[in-house]
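# Observations on the three-dimensional arrangement
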Amino acid sequence: MELHANIFFPIEIVGTIAFASSGAMVAVRKKLDLFGIIVLGVITAVGGGMLRDLMIGSIPPNMFRNPVYVFTAFLTVLVLFFLFRRWPFLLGSKYIESYEKVMNILDAIGLGAFTVIGIDTGVDAGYGEYHFLIIFLGVITGIGGGILRDIMAGETPYVLKKHVYACASISGACLYVLLLQFTRSDYAMLLSALLVIAIRILASHYRWNLPGIPDS
Amino acid sequence: MELHANIFFPIEIVGTIAFASSGAMVAVRKKLDLFGIIVLGVITAVGGGMLRDLMIGSIPPNMFRNPVYVFTAFLTVLVLFFLFRRWPFLLGSKYIESYEKVMNILDAIGLGAFTVIGIDTGVDAGYGEYHFLIIFLGVITGIGGGILRDIMAGETPYVLKKHVYACASISGACLYVLLLQFTRSDYAMLLSALLVIAIRILASHYRWNLPGIPDS
Amino acid sequence: MELHANIFFPIEIVGTIAFASSGAMVAVRKKLDLFGIIVLGVITAVGGGMLRDLMIGSIPPNMFRNPVYVFTAFLTVLVLFFLFRRWPFLLGSKYIESYEKVMNILDAIGLGAFTVIGIDTGVDAGYGEYHFLIIFLGVITGIGGGILRDIMAGETPYVLKKHVYACASISGACLYVLLLQFTRSDYAMLLSALLVIAIRILASHYRWNLPGIPDS
């Protein structure tokens, strides 16, 4: 746990910043005020882990025991808020496109890190034998914050509609649970996170989509 | 418990199939892709039981300890998906009406079974004396999945708007809690489930509705 | 706890009535039927405390152990329902404005009481040292019911959009946690609740708003 924490901590912080940013951008587009921007930013960043902790009875949820994630998300949102408030033209400019591109990659990194950390939390809590449960814990840690963000913003969760965002998380989670049967090294964790990141970025770049029902 | 489980298991599976189908149909109407269809289908089928388990601290929720329900819901959704993808005309045809009629009856059976099983779970967890709590547990097991489905699909929960769907569940729950004061036989359970099913089907057939506030 | 309960109980009941009324009004505007009106009314009144109890593993949530709050909310909603059903013109008249003005003040009182009681519940559960957690518990007790109401009604939570509703709760929560370092008297509790009420009413009267991002 300690070992994982040490290696993954900076990656988690990167993911927290990217997730908080995605929450803040949704809030800005929804014309919410400062409070709404903070809430959506923070809930996107730590909401997935909170759902995971409630599901396994890890009380109080980790976001309250290690406030560093909430604090990081809070700072991220504040910086964005003052940037956009001072220079609102940034939101309509070409800068925002480059910004979203960088954030898209950081977001993928966050998804990878959160997924494997979610599984690790489940294993540490003694649920290593419940494969379906720990895969679920990994995926909910990865995508739960975005789902809460969209529900609170009154939109159909993004993850239900576009890209193979969730499939990236599920693939990595399955790989990690498979690797856990043989080893519990940091390499297994890293490899699985990399799979998530790769699928997520490729899906976003090539606009992969899952099949739907054609109009009749 | 074992006894109840044996008798009620096939009925639960029928309910799971019907609930999963209702979730999948909402997702199809919302033009969601395969992942969205699976998530809404599964959450409709097992979401109510998950909320119930969180409420009484039964951790991890039963859906993870007995994956048979998730698996059944998953299979149901997959079958529907491939049917509708292969023959999209089915969705617009007269077949869908007959299908919805059959599903409406299975859905009523599911509502009855889930309601009494929810109460039973509460009693087994030692809350037999908390009458209000166990009635709530029964009702949330019956209607919670549909509420989660609608919230995730970005709609006002169906149960808040139409028919006396929830009242059927509440009536049966109250009857079962009443009967529990005298006996804890399978007959009490069956009788209460039948009351739910009867009210639910009659309400749907005769389009019973609860009163609202007339326009001023 | 007992002492607090004695002093704060009537104030809690006032808050419960005001919150239930706000839930019922949203349901009436949404044209929901009797069941929808009851659910939104009750969930607005006790939903915040339920989220708080789930977060700290206080199982089953207090709303089930002390049904007096649910019962009060239920009665409030029933009275409103029959009033508006009997005399629907009330909803469109000048009476509704006076009614909403009175309810706005009772709502402020409820927000104050619920906020400090939420913190107290956290301290009683042994989390006095987790300052961020207990502030969160206070605020979620105060605003959680309204958030659930709006999510179920399919609207972006009111608290994310208007007034400094949440900031009032946060300010009082921070003051109370600060005062708790020195004393745990009823005066500290009362003072903090009064701060919430004052900010809430002033913000509503002077239409204070938090800054947002100007249109670019």
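Note that this is a predicted model, so its numbers are computed, not measured. (Residues numbered from 1 in each chain as written. Chains lettered and ligands numbered in written order. Predicted model: local features only at pLDDT ≥ 70, side-chain atom pairs only at ≥ 80, totals over all residues. Heavy atoms only, no water.)

## Points about the environment of Ile135 of chain A
All names here are of chain A. As a reminder, the rule being used: Starting at the N terminus, helices and strands are each numbered in turn, a helix being any DSSP run of H or I of at least four residues and a strand any DSSP run of E of at least two. Should any heavy atoms of two residues lie within 4.5 Å, those residues are counted as being in contact.
Here Ile135 lies in helix α6 (residues 131-152). Taking the C-alpha atoms as reference points, Ile135 and Ile151, separated by 16 residues in sequence, lie 23 Å from one another. Residues in contact with Ile135, not counting those within four places in the same chain, are Ala173, Cys174 and Val177.

## A word on the relation of the copies chain C and chain A
Rules: Superposing the copies works by least squares over the C-alpha atoms of residues that have pLDDT at least 70 in both of them.
Taken as rigid bodies, chain C and chain A are interconverted by a rotation of 120° and an axial shift of 0.0 Å, the fit giving an RMSD of 0.0 Å. In symmetry terms, the pair is related by a three-fold rotation axis. The C-alpha atom lying nearest the rotation axis in chain C is that of Gly154 of chain C; the distance is 3.7 Å. A different interface surface on each copy is seen, since only 7% of the contact residues of chain C are contact residues in chain A too.

## Details of the state of the cysteines
Going by this rule: Two cysteine sulfurs form what is called a disulfide whenever their separation falls within 2.5 Å.
According to the stated counting rule, one finds 0 disulfides over all chains in the structure shown. This cysteine, Cys167 of chain A, is not joined by any disulfide, and Cys174 of chain A carries the nearest cysteine sulfur, 10 Å off.

## Some points on the pattern of salt bridges
Residue and element names in this part refer to chain B. The line we're drawing: Any Lys or Arg side-chain nitrogen located within 4 Å of an Asp or Glu carboxyl oxygen qualifies as a salt bridge. When accessible area is computed with a 1.4 Å probe and restricted to protein chains, residues below 20% of their type maximum are described as buried, those above 50% as exposed, and intermediate ones as partly exposed.
Scanning all chains against the criterion turns up 15 salt bridges over all chains. With a shortest N-O distance of 3.0 Å, Arg52 and Asp53 are connected by a salt bridge. Residue Asp53 is classed as buried on the basis of its relative accessible area, which comes to 2%.

## Thoughts on the interface of chain B and chain C
Condition: Note on definitions: buried area is the accessible-area loss of two parts on being combined, 1.4 Å probe, summed for both. As used in this structure description, the phrase polar contact means that two N or O atoms lie within 3.5 Å; if the pair is within protein, one of them must be able to donate a hydrogen and the other to accept it, and residues adjacent in sequence are counted only when both atoms belong to side chains. In this classification, Asp, Glu, Lys and Arg are treated as charged, Ala, Val, Leu, Ile, Met, Phe, Trp, Tyr, Cys and Pro as nonpolar, and every other residue, Gly included, as polar.
Taken together, the contact between chain B and chain C spans 27 residues of the former and 32 residues of the latter. For the pairing of chain B and chain C, the buried interface totals around 2,400 Å² over both sides, and the portion due to carbon and sulfur atoms is 76%. The interface formed by chain B and chain C contains 0 salt bridges. One can count 1 residue pair in polar contact (both at pLDDT 80 or more) joining chain B with chain C. Elements supplying a minimum of two residues to the side of chain B that touches chain C: α2 (34-55), α6 (131-152), α7 (158-161) and α8 (165-180) of chain B. Sorting elements by how many residues they give to the side of chain B that touches chain C places α6 of chain B first, with 6 residues. For the side of chain B that touches chain C, the residue count by class is 20 nonpolar, 5 polar and 2 charged.

## Structural notes on the interface of chain C and chain A
With 27 residues of chain C at the interface, the matching set in chain A holds 32 residues. Both sides of the chain C and chain A interface together cover about 2,400 Å² of buried area, and 76% of this is carbon and sulfur. Along the contact surface separating chain C from chain A lie 0 salt bridges. For the pair chain C and chain A, the interface holds 1 residue pair in polar contact (both at pLDDT 80 or more). Where the side of chain C that touches chain A is concerned, the elements lending two or more residues are α2 (34-55), α6 (131-152), α7 (158-161) and α8 (165-180) of chain C. Of the residues assigned to the side of chain C that touches chain A, the class counts are 20 nonpolar, 5 polar and 2 charged.

## Some remarks on the side chain of Thr16 of chain C
Residues and elements named next belong to chain C. Mapped onto the elements, Thr16 comes out in helix α1 (residues 2-29). Of the residues examined, Thr16 reaches a relative accessible area of 1% and is grouped as buried. Engagement of the side chain of Thr16 in a polar contact is seen with the backbone oxygen of Glu12, the distance being 2.7 Å. If we ignore the near neighbours within four places in the chain, the residues touching Thr16 are Ala45, Tyr69, Thr72, Ala73 and Phe114.

## What about the packing of helix α2 (residues 34-55) of chain A against helix α4 (residues 68-86) of chain A?
All names here are of chain A. Here is the rule we go by: Note on geometry: axes are lines fitted to C-alpha atoms, helical ones only across the stretch in contact, with angles between N-to-C directions running from 0 to 180 degrees. In this scheme, roughly parallel covers angles under 35 degrees and roughly antiparallel covers those over 145, while 65 to 115 is roughly perpendicular and the rest are oblique. Crossing handedness: left-handed means the near helix sits turned counterclockwise from the far one by under a right angle, and right-handed means the same turn made clockwise.
Interhelical geometry of α2 versus α4 gives an angle of 140° and a closest axis separation of 9 Å. Between α2 and α4, the crossing angle belongs to the class labelled oblique. Here α2 and α4 pass one another in a crossing that is right-handed. Between α2, through Leu34, Ile37, Ile38, Gly41, Val42, Ala45 and Val46, and α4, the contact on the second element is made entirely by Tyr69, Val70, Ala73, Phe74, Val77, Leu78 and Phe81. Here the contact of α2 with α4 is built from residues that sort into 13 nonpolar, 1 polar and no charged.

## Details of the packing of aromatic side chains
For clarity, the threshold we go by: Side-chain rings of Phe, Tyr and Trp, where Trp is taken by its six-membered ring, are said to pair if the distance between their centres is within 6.5 Å; with planes under 30 degrees apart they count as stacked, over 60 as edge-to-face, and otherwise as tilted.
For the structure shown, the criterion picks out 21 aromatic pairs over all chains. Ring centres of Phe136 of chain B and Phe64 of chain C lie 4.8 Å apart, and the angle between their planes is 50°; this geometry places the pair in the tilted category. With one member in each of two chains, Phe136 of chain B in helix α6 and Phe64 of chain C in helix α3 (residues 62-65) form a pair that bridges those chains. Look at Phe136 of chain B and you get partly exposed, because its relative accessible area is 21%. An aromatic cluster is present here, built from Phe64 of chain A together with Phe132 and Phe136 of chain C joined pairwise through their rings.

## Things to note about unusual backbone geometry
Each neighbour pair has its own omega, and for Ile59 of chain A with Pro60 of chain A the value is -10°, a cis peptide bond. Examined against the element boundaries, Pro60 of chain A turns out to sit in the loop between α2 and α3 (62-65). Positioned with a positive phi, Lys31 of chain B is a non-glycine residue whose angle comes to about 60°. Mapped onto the fold, Lys31 of chain B is located in the loop between α1 (2-29) and α2. A residue is classified by how much of its surface remains accessible, and Lys31 of chain B, at 58% relative accessible area, is exposed.

## What to know about the relation of the copies chain B and chain C
After a rotation of 120° and a shift along the axis of 0.0 Å, chain B superposes on chain C with an RMSD of 0.0 Å. When the interface residues of chain B are mapped onto chain C, a mere 7% of them again lie at the interface, so each copy presents a different face.

## Observations concerning helix α9 (residues 186-205) of chain B
Residues and elements named next belong to chain B. Test applied: Helices are assigned an expected span. That span is 1.5 Å times one less than the residue count.
Spanning 20 residues, α9 covers 28 Å between terminal C-alpha atoms, matching the ideal 28 Å at 1.5 Å per step. Those residues of α9 lying buried are Asp186, Ala188, Met189, Ser192, Ala193, Val196, Ile197, Ile199, Arg200, Ala203 and Ser204. Backbone geometry just downstream of α9 places Arg207 in the positive-phi region, at approximately 50°.

## A look at the UniProt feature "transmembrane region" (unreviewed entry) in chain A
Residues and elements named next belong to chain A. Where we set the bar: UniProt positions are given in the numbering used here, feature names are shortened, and annotations may be inferred rather than shown by experiment.
Under the UniProt annotation, the feature "transmembrane region" (unreviewed entry) is placed at residues 7-28, 34-55, 67-84, 104-123, 130-148, 163-180 and 187-206. Annotated as residues 34-55, this span is 100% helix and 0% strand, and its ends, taken at the C-alpha atoms, are 30 Å apart. Along residues 187-206 the backbone is 100% helical and 0% strand, and the end-to-end C-alpha distance reaches 28 Å.

## Topic: the packing of helix α5 (residues 94-127) of chain B against α6 of chain B
All names here are of chain B. Remark: α5 packs on α6, axes separated minimally by 7 Å, with the N-to-C direction vectors making an angle of 140°. In terms of orientation, α5 and α6 fall into the oblique class. With respect to the hand of their crossing, α5 and α6 are arranged in right-handed fashion. Contacts between α5 and α6 involve Leu111, Phe114, Thr115, Gly118, Ile119, Gly122, Val123 and Tyr127 from the former and Leu133, Ile134, Leu137, Gly138, Thr141, Gly142 and Ile143 from the latter. Considered class by class, the residues forming the contact of α5 with α6 number 9 nonpolar, 6 polar and no charged.

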